[in-house]
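Letter by letter, the chains look like this.
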Amino acid sequence: MDFGLSEEQTLLQTTLRRYLEAECRPTRVREVMESETAHDSGLWRGLAGLGVTGLMVPTELGGSGLELLDLALAADELGRSSTPGPFLGNAMATIALLEGEASARERWLPAVATGEAVLSFALGEGIGEWDAERLETRFQGGKLDGTKPLVPFAEVADAILVAARGPEGPGIWAVDRGAPGVTSTPLTGNDLTRRVSHVRFEGTPASPVASGRAAIDRVRDAGLVLLAADASGGAHRCLEMTVQYALTREQFGQVIGAFQGVKHQLANIATDLEPAVSLWWYAAHAYDHIREKSERHAALAKAHLTDLYDTTVRYAIELHGGIGFTWEYDLHLWFRRALFDRAFLGEASYHRQRAADLAGW
Amino acid sequence: MNLKYSEEYQHFRDEVRAFLQENWTAADAASNPVASEMAQSLGSIARTDERATEFRKKAAARGYMYRHVPRRYGGGEQPPDPLKATILQEEFRRVKAPPELASQGPSMLVPTLLAHGTDEQKKQFVEPTLLGHIRWCQGYSEPGAGSDLASLRTSAVLEGDEWVVNGQKIWTSNAREADWMFALVRTEPEAPKHEGISYLLIDMKTPGIDVRPLRQMDGDAHFNEVFLDNVRVPRGQMVGPRGEGWRVSRSTLKAERALIGNASMARRAFDGTVLLAQQTKVRGKRAIEDSKTREQLAELEARVLAAEYNGFRLLTASARGEDPGLAGLVTKLHTSTLAYDVSRLAMDISSDHALLAPGEKHAPFSGFLVQSYMMYFALAIGGGAPNIQRNVIGERGLGLPRDTRR
Ligand SMILES: Cc1cc2nc3c(=O)[nH]c(=O)nc-3n(C[C@H](O)[C@H](O)[C@H](O)COP(=O)(O)OP(=O)(O)OC[C@H]3O[C@@H](n4cnc5c(N)ncnc54)[C@H](O)[C@@H]3O)c2cc1C
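What you see is a predicted model; the values in this text were computed from it and never measured. Every chain is numbered on its own, with residues counted from 1 as its sequence reads. Chain labels run from A onward and ligand labels from 1 onward, assigned in the order the entries are written. Per-residue local features are limited, in this predicted model, to residues with pLDDT of at least 70; the limit for side-chain atom pairs, both in listing and counting, is 80 or more; totals at the level of whole chains, interfaces and linings are taken over all residues. Calculated side-chain values reflect all of the structure's heavy atoms, with hydrogen atoms and water omitted.

### What about the overall build of chain A?
Secondary structure is summarised from DSSP: a helix means a run of H or I of at least four residues, a strand means a run of E of at least two, and numbering begins at the N terminus for each. Secondary structure summary: chain A contains eleven helices and ten strands in total. Atoms counted for the radius of gyration: C-alpha only. Globule rule: 2.2 Å times residue count to the power 0.38. A globule of 361 residues ought to have a C-alpha radius of gyration of about 21 Å, and chain A, at 20 Å, matches this closely. Counting only C-alpha atoms and orienting by the principal axes, one finds that chain A spans roughly 75 × 45 × 40 Å. Each residue's exposure class comes from its accessible area (1.4 Å probe, protein chains only) as a fraction of the maximum for that residue type: buried when under 20%, exposed when over 50%, partly exposed otherwise. Looking at chain A as a whole, 61% of its 361 residues are labelled buried. Intrachain contacts of chain A at a sequence separation of at least 6 include 75% that bridge at least 24 residues. Where accessible areas are quoted, they stem from the Shrake-Rupley method and a 1.4 Å probe; at the residue level, only the protein chains shown are allowed to cover. Summed over all atoms, the accessible surface of chain A reaches about 13,600 Å², with 50% contributed by carbon and sulfur. Of the side chains in chain A, 34 bear a positive and 48 a negative charge, and the two mean positions are spaced by 3 Å. Whether two residues are in contact is decided by their heavy atoms, any of which lying within 4.5 Å being enough. Positive charges are assigned to Lys and Arg, negative charges to Asp and Glu, while His and the chain termini are left out of the count. Note that the charge is assigned to NZ on lysines, CZ on arginines, CG on aspartates and CD on glutamates.

The structure is reproduced here in structure tokens:
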């Protein structure tokens with residue numbers, strides 16, 4: 001037994017971190033997030049060049065054929081540097097394709113792996129509805145009808161994979177960019193690094209990707225783990241920034257990190273955060289290897305890590321004082337990502353209720 | 001990451017089962033003078049009768065117990081292996097076989113002796129301690145020296161071949177039952193405070209020792225005051241060099257079980273609380289059906305799982321020879337805080353009946369969960385109070401400046 005990262009995984013982490021520290025510093029993050037789409041094709045190609053977009057794509061389709069843990073380690077790094085762009089929706093769509101129809105897989109995955117194609121995934125409906133059985137978007141006679149209020153990066157996606165109800169139950173269908181009957185409205189979100197659009201389908205032609213509720217649930221579970229990993233990376237970054245600040249900012253004739261009040265707040269954060277890393281590692285590992293535990297762990301990890309993210313960034317801002325409240329200072333980038341991570345795919349209490357149901361309590 | 005039981009481990013589990021079947025029968029288990037698990041985890045009670053001793057000897061000889069201790073001193077002498085340690089714990093628990101003793105002798109004195117003791121000291125003390133034949137108490141804290149332990153004042157003065165010890169220890173757990181005490185005493189009154197301390201082994205039957213029980217908040221009296229009045233200790237009973245006691249006492253326990261221990265306590269408390277919620281009806285409804293309770297349970301379970309998997313992570317780091325850093329420093333504060341929170345939910349589930357005392361049959365689960373709430377204070381304070389943990393995490397883990405401390 002081994003509960004740790006492999007050498008390859010550690011290498012992936014350090015390579016990505018080095019790349020992002022050079023190419024995705026906060027100044028760059030700001031430029032991209034203030035652009036029209038918050039998607040920078042240069043950055044995306046760079047990430048694809050390091051293998052990020054193809055981590056889970058099978059080797060015969062041009063990817064690395066790895067597992068969710070590897071992808072989550074990438075999400076961790078992207079969260080740490082608050083990387084703008086369509087990683088999450090693209091990753092969820094990739095996973096939908098993995099277990100789907102061969103034709104769809106072969107059509108999209110090679111281009112996803114190279115970064116030439118960007119995909120998105122549309123699941124949630126109404127307010128807070130992420131349950132595959134309760135979707136109201138319909139697929140009938142080759143066409144989709146319905147509304148998806150929070151579709152990530154719909155404006156840049158080459159195709160949107162849509163979870164809907166067909167004649168034989170829930171399934172996933174692909175809508176190509178520019179397909180007729182699509183009305184996409186970009187929304188203003190809190191997180192400027194991850195955009196969402198309100199998308200309406202009216203008699204939109206769509207092709208089959210996967211069928212059955214299980215396929216949708218798997219995509220959702222992977223998304224939950226990726227959000228937990230993003231939250232973990234972001235929270236760690238906030239903690240480190242605050243430690244650095246506490247080592248340099250002086251008041252009352254000493255650095256503020258020498259005050260126990262400050263030190264103990266930071267110690268409390270580390271105490272909550274560090275063991276939680278193992279929780280999302282486990283959830284990611286379970287997704288591929290311990291199926292019977294995967295759904296519950298994904299729910300618990302998302303709820304727990306995104307709560308911790310919020311707490312961490314809250315203390316981080318407070319401990320910075322006035323500068324922490326400014327637009328110029330970078331902490332709000334992570335604060336905004338924490339808001340996204342908590343809300344997207346459903347709030348913490350929803351997933352805790354689900355975890356309780358799944359436990360058979 | 002690989003959590004599968006490979007064939008090698010399946011085989012190991014089969015071996016352990018076969019061993020247990022042969023050496024620990026259901027009748028043996030039934031004859032156990034039942035000690036509560038909570039008391040066991042604090043090291044105050046554990047089975048050490050002849051049958052248990054015979055079993056422990058066999059288990060150690062097979063490499064199933066005290067795996068970090070060399071064979072010549074009665075240990076199992078095995079390389080650290082987190083999965084084997086987990087399998088052993090699971091299988092031993094399943095048939096209620098006597099576990100390794102976790103009291104202060106085996107867990108604190110033995111590693112210290114192994115690192116700093118003379119061969120003679122190891123031969124005299126290690127095996128009998130592992131079998132529970134010599135019981136120890138830890139004489140560190142004093143009325144004026146708790147968190148600031150190095151300010152301790154109990155003195156030892158060399159007279160001929162004997163150290164003459166005078167002073168007072170306090171909060172000394174199990175001092176009344178103990179055969180021996182390992183103690184920190186001041187031997188160099190002129191030296192800076194950390195450099196004037198020595199580590200002594202004191203026979204509790206020596207004249208001049210007076211032990212007085214202290215009643216605890218939970219009504220029990222496991223801890224004591226120990227007065228030492230001209231207690232004469234042979235020179236050969238010092239561990240490590242004179243004046244080096246501080247360093248000697250810092251030898252940390254790298255044994256496998258120390259790392260798994262804490263999380264399993266939180267897990268037991270949590271599982272107990274789920275059961276309580278399933279069996280307790282409040283205002284006509286089972287507590288488990290209340291949506292807020294379900295949510296709180298799920299929140300706590302995430303933290304319990306984090307503690308458990310963090311334990312796996314530490315074991316893996318130790319097997320790989322890596323320094324786990326923060327992941328290791330935070331465990332005590334993480335699990336003791338978690339344990340409080342689990343207890344508080346258990347009390348809320350018991351509703352107004354949480355006011356009933358432990359042992360009261362009208363209380364849900366006989367008030368057991370309230371009693372464990374009190375026990376968690378002992379775990380949180382003993383061996384370094386929470387703020388001291390926070391200092392260590394902040395300073396050693398995060399690199400923040402040291403407090404000004406004299
Ligand atoms: C159940 C139990 C069993 C025990 N068994 C033993 C035993 O067998 N042998 C033994 O030697 N001892 C034993 N102890 C003693 C234990 O190690 C001490 O109680 C502990 O180290 C704290 O010391 P203190 O009680 O003097 O508290 P103090 O040191 O007076 O601390 C009081 C409070 O001040 C805080 N504080 C102190 N210094 C600082 C600082 N620098 N920064 C911020 N806050 C600070 C602490 O966090 C604590 O909250 C036991 C204690 C308990 C509760």
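### A few points about the site of the ligand
If even one non-hydrogen atom of a residue comes within 4 Å of a molecule or strand, that residue is called near it. Taken together, 19 residues are adjacent to the ligand, and Gln260(A), Gln138(B), Ser141(B), Ser147(B) and Trp171(B) come closest. Neighbouring residues of the ligand are not confined to one chain but are distributed across chains A and B. We define a polar contact as two N or O atoms separated by no more than 3.5 Å, with the added condition that, inside protein, one atom must be a possible hydrogen donor and the other a possible acceptor, whereas residues neighbouring each other in sequence contribute only through side-chain atom pairs. Ser141(B) is positioned with one of its backbone polar atoms (N or O) 2.8 Å from an oxygen atom of the ligand. Within the backbone of Trp171(B), a nitrogen or oxygen atom sits 2.9 Å from a nitrogen atom of the ligand. Alone, the ligand offers 960 Å² of accessible surface; in the complex the protein occludes 68% of this. Breaking the shell around the ligand down by element, the ones donating at least two residues are strand 3 (162-173), helix 13 (368-381) and helix 14 (386-397) of chain B. Gly falls in the polar group here, along with every residue not listed as nonpolar (Ala, Val, Leu, Ile, Met, Phe, Trp, Tyr, Cys, Pro) or charged (Asp, Glu, Lys, Arg). Tallied by class, the residues present in the shell around the ligand amount to seven nonpolar, twelve polar and no charged. All domain edges in this entry derive from an automatic or database-based domain assignment. When we break the shell around the ligand down by domain, the ones giving at least three residues each are domain 2 (136-243) and domain 3 (262-397) of chain B.

### Quick word on the packing of aromatic side chains
Side-chain rings of Phe, Tyr and Trp, where Trp is taken by its six-membered ring, are said to pair if the distance between their centres is within 6.5 Å; with planes under 30 degrees apart they count as stacked, over 60 as edge-to-face, and otherwise as tilted. Under the counting rule described, the total for this entry stands at 26 aromatic pairs over all chains. Relative to Phe312(B), the ring of Phe3(A) lies with its centre 5.8 Å away and its plane at 70°, an arrangement referred to as edge-to-face. In this pair, Phe3(A) sits in the segment before helix 1 (7-23) while Phe312(B) sits in helix 10 (residues 291-320), so the two residues belong to two different chains. Residue Phe3(A) is classed as buried on the basis of its relative accessible area, which comes to 0%. According to the relative accessible area criterion, Phe312(B) is buried, its value standing at 19%. On the basis of an interplanar angle of 70° and a centroid distance of 6.4 Å, the ring pair of Tyr245(A) and Tyr329(A) is categorised as edge-to-face. One end of the pair, Tyr245(A), is in helix 7 (residues 213-248); the other, Tyr329(A), is in the loop between helix 9 (291-320) and helix 10 (331-343), with 84 residues separating them in the sequence. Given a relative accessible area of 21%, Tyr329(A) falls into the partly exposed group.

### A look at helix 4 (residues 68-80) of chain A
All names here are of chain A. Expected span of a helix, by definition, is 1.5 Å for each gap between consecutive residues, and there is one gap fewer than residues. For helix 4, which comprises 13 residues, the first-to-last C-alpha distance of 18 Å matches the rise-based estimate of 18 Å (1.5 Å per residue) to within 8%. Helix 4 sits mainly inside the fold: 13 of its 13 residues count as buried. Just downstream of helix 4, Ser-82 is the residue with a positive phi angle, here 50°.

### What about the domain arrangement of chain B?
Residue and element names in this part refer to chain B. By the assigned domains, chain B splits into domain 1 (7-111), domain 2 (136-243) and domain 3 (262-397). Between domain 1 and domain 2, the C-alpha centre-to-centre distance is 31 Å. A buried area of about 650 Å², summed over both sides, lies between domain 1 and domain 2, and 61% of it is on carbon and sulfur atoms. Within this document, salt bridges are pairs made up of a side-chain nitrogen of Lys or Arg and a carboxyl oxygen of Asp or Glu, the two lying within 4 Å of each other. Remark: the boundary between domain 1 and domain 2 carries zero salt bridges. The interface formed by domain 1 and domain 2 includes one residue pair in polar contact (both at pLDDT 80 or more). Residues of the side of domain 1 that touches domain 2, tallied by class, amount to two nonpolar, four polar and no charged. Accessible surface is computed with a 1.4 Å probe, and the buried area is the amount of it that two parts give up when combined, taken over both parts together.

### Comments concerning the interface of chain A and chain B
Think of interface size as the accessible area that goes away when the parts come together; that is how it is often given. The partner chain B presents 45 residues to the 44 residues of chain A that form the contact. For the pair chain A and chain B, the summed buried surface comes to about 4,200 Å²; carbon and sulfur atoms form 64% of the total. Taken together, chain A and chain B are joined by six salt bridges. Between Arg294(B) and Asp357(A) there is a salt bridge whose closest N-O contact spans 2.8 Å. For the interface between chain A and chain B, the tally reads 20 residue pairs in polar contact (both at pLDDT 80 or more). Counting residues per element, the side of chain A that touches chain B draws most heavily on helix 8 (residues 260-289) of chain A, at 19 residues. Class assignment of the residues belonging to the side of chain A that touches chain B gives a composition of 24 nonpolar, 13 polar and seven charged.

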